[in-house]
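# Remarks on the overall topology
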Amino acid sequence: PEASIAADYGGKTVIIGLSRCIQDVLQLSLKAGNSSIPVLISGETGTGKELAARKIHENSRFSAGPFISINCAALTETVLESELFGHVKGAFSGAISNRRGKFVSASNGTLFLDEIAEMSLACQAKILRALQEKTVVPVGSDKEVGYNARIIAATNQNLGKLVQAGRFRQDLYFRLCGLEINIPGLRERPSDIPLLVKYFIDKARTETGDN
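What counts as what
- Residues numbered from 1 in each chain as written.
- Predicted model: local features only at pLDDT ≥ 70, side-chain atom pairs only at ≥ 80, totals over all residues.
- Heavy atoms only, no water.
- Phe/Tyr/Trp six-rings, centres within 6.5 Å; stacked < 30°, edge-to-face > 60°.
- Helix = DSSP H or I, 4+ residues; strand = E, 2+ residues; numbered from the N terminus.
- Buried < 20%, exposed > 50% of the residue type's maximum accessible area, 1.4 Å probe, protein only.
- Axes fitted to C-alpha atoms, helices over the stretch in contact; angles between N-to-C directions.
- Parallel < 35°, antiparallel > 145°, perpendicular 65-115°, else oblique.
- Left-handed = near helix turned anticlockwise from the far one by under 90°.
- Contact = heavy atoms within 4.5 Å.
- Nonpolar A, V, L, I, M, F, W, Y, C, P; charged D, E, K, R; others polar.
- Pairing = 2+ DSSP bridges.
- Core = buried A, V, L, I, M, F, W, Y, C linked by side-chain atoms within 4.5 Å.

## Observations regarding the packing of aromatic side chains
Enumeration according to the criterion identifies five aromatic pairs in this entry. Considering the side-chain rings of Phe67 and Phe112, the 6.1 Å spacing of their centres and the 25° angle between planes classify their relative orientation as stacked. On the criterion of sequence distance, the pair formed by Phe67 in strand β4 (residues 67–71) and Phe112 in strand β7 (residues 110–114) is long-range, its members being 45 residues apart. Under the relative-accessibility criterion, Phe67 is labelled buried at 15%. Every member of this aromatic cluster is reached through a ring pair, and the members are Phe85, Phe103 and Tyr147.

## What to know about the packing of helix α1 (residues 20–33) against helix α2 (residues 49–58)
Two elements in contact, α1 and α2, have axes separated by 7 Å at closest approach and are oriented at 45°. It follows from the interaxial angle that α1 and α2 lie oblique. When the axes of α1 and α2 are compared, the crossing they make is right-handed. Contact residues: Leu26, Ser29, Leu30, Ala32 and Gly33 in α1; Ala52, Lys55 and Ile56 in α2. Broken down by class, the residue content of the contact of α1 with α2 amounts to five nonpolar, two polar and one charged.

## Re the packing of helix α3 (residues 77–85) against helix α5 (residues 121–133)
Each pair of packed helices can be summarised by the angle the axes make with each other and by the distance between the axes. With their axes 10 Å apart at the nearest point, α3 and α5 run at an angle of 10° to one another. With respect to α5, the axis of α3 lies roughly parallel. Between α3 and α5, the contacting residues are Glu77, Leu80, Glu81, Leu84 and Phe85 on the first element and Ala122, Cys123, Lys126, Ile127 and Ala130 on the second. Residues that form the contact of α3 with α5 fall into these classes: seven nonpolar, no polar and three charged.

## Details of the sheet that holds strand β10 (residues 150–155)
Strand order in the open sheet formed by five strands is β4-β7-β10-β3-β11, with parallel pairing between adjacent strands. Every interior strand has two partners, whereas the edge strands, β4 and β11 (179–182), have only one. This sheet shows a mean twist of 20° between the axes of neighbouring strands, independent of strand direction. Those strands touched by α1 are β3 (39–42), β10 and β11, and its axis lies near 150° from that of β11.

## What to know about the environment of Thr78
Secondary-structure assignment places Thr78 in helix α3. Thr78 sits 45 residues away from Cys123 along the chain, and the two C-alpha atoms are 9.1 Å apart.

## Some remarks on unusual backbone geometry
Note: most peptide bonds trans; most residues except glycine with negative phi. Phi angles above zero are rare outside glycine, and Asn108 is one such case at about 70°. If you trace the backbone, Asn108 turns up in the loop between α4 (102–105) and β7. Even without being a glycine, Lys134 presents a positive backbone phi close to 60°. As for its position among the elements, Lys134 is in the loop between α5 and β8 (135–136).

## Topic: the nonpolar core
Counting residues in each nonpolar core, the largest one holds 33 residues, and the members touching the most others are Leu84, Phe103, Leu113, Ile116 and Phe168. Secondary-structure elements contributing two or more residues to this core are β4, α3, α4, β7, α5, β10, α6 (159–164) and α7 (170–176). Ranked by residue count, the leading element in this core is α5, at five residues. Not counting the four nearest positions on each side in its chain, Phe103 is found in contact with Leu84, Phe85, Leu111, Ile127, Ala130, Leu131, Val136, Tyr147, Ala149 and Ile151.

Encoded structure:
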């Protein structure tokens, strides 16, 4: 697996690497943090997309708010809709109380939609509406609920090709991709390997108490 590009230092995410491509990622992350445009982070599995999203969050006006992450590939369509938009009591078996979804819970913070390409077209349509209207409709309800969250999405696939194949909505792609940041794989930045090795060794020593 690829090594992550970032690490957590005292609650702050620090980009690890001096290679040109990683410095470009850092500069784009800082640029994204200073604006409110939607960001799409692309890259292979294990390259550190969520950590890059955290870096953006920490440098944005939403940094005092929550950073909420959801893996869109790990849930069924029905569960994903409930997780994202929430539900009302009695909406389905087991819904014993009202529940806020991730969009509302992330208000005044950042919502990170990981593996966005794995969503069905039906769910993509609902995400698009939520982004356009800045409201969501909980499952089992007909009332809209507003939210105020920064949206960052990520994928390990080529969304442009998925759009051409009819597997991803073009309008949603344009909504998500105000700025695209591509995270390079380790093979593209071999000069960073010694720094990563040192980081992981130091981390292991700290965790085991071996000085």
